[in-house]
Amino acid sequence: MFRKMRRSAQQLSAEQSTEILNKCTSGILSLAGDNGYPYGVPLSYAFNDGTIYFHSAIEGHKIDGIKRNDKCSFCVIAQDDILPEKFTTLYKSVICFGKINLVEDETEKRNALLILAEKYSPDIDEALCQKEINTYIRNTCILALDIEHMTGKQCREFLNR
């Protein structure tokens, strides 16, 4: 169903791709937008056990796109160092494909918010974290991207290191 990487020698292992998803803090979620136009939106995220979680407003372009078509991709760039003298870049990136859904179950929603909080505010007091979740959970949408296919790629220059 998904294409094989054309330059397979540059493909990262599943472990390397997972490491990038765990380490990085933002990426571009691409959806089917209005009037057939693609819609790519930068988002913070948290990766947990094959699922990528996002928090969102409860309405808007992104939510409309997801309701229209649940298929999406999510791209994370871990490195992009320009080498002007060589007309190239040193890069590593990951693209995930899958289906995204709006989390309705409150237990899963709370769990996703905790996963996001642990990633972005690891030293925050748990009671304060729970208070924030309780304050905003009703007006926050949680999106869950269940990964069906993932590929990571690096530049050729990294192969010789």
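The structure this text deals with has already been given above.
The paragraphs below set out a description of the structure included in this document. Being a predicted model, the structure only gives us computed values, none of them experimental.

### Description of the pattern of salt bridges
Then comes step 1: Taken as a whole, this structure holds two salt bridges when the rule is applied.
Then comes step 2: Across the pair Arg68 and Asp34 runs a salt bridge, and its minimum N-O distance is 3.1 Å. A residue pair is termed long-range when its members are at least 10 positions apart, and Arg68 in helix α2 (residues 61-68) and Asp34 in the loop between β2 (26-32) and β3 (38-44) qualify at 34 residues.
Then comes step 3: Judged by relative accessible area, Arg68 falls into the partly exposed class, the value being 45%.
Then comes step 4: Overall, Asp34 belongs to the partly exposed group, its relative accessible area being 36%.

### Observations concerning the pairing of β3
Then comes step 1: Summarising the sheet, β2 and β3 pair through seven bridges and their orientation is antiparallel. Of the residues in β3, the one forming a bridge with Ser30 is Gly40.
Then comes step 2: Counting the residues in the hairpin turn of β2 and β3 gives five residues, including Asn35, whose phi is positive at 55°.

So, how was this worked out
Residues numbered from 1 in each chain as written. Predicted model: local features only at pLDDT ≥ 70, side-chain atom pairs only at ≥ 80, totals over all residues. Heavy atoms only, no water. Salt bridge = Lys/Arg side-chain N within 4 Å of Asp/Glu carboxyl O. Helix = DSSP H or I, 4+ residues; strand = E, 2+ residues; numbered from the N terminus. Buried < 20%, exposed > 50% of the residue type's maximum accessible area, 1.4 Å probe, protein only. Pairing = 2+ DSSP bridges.

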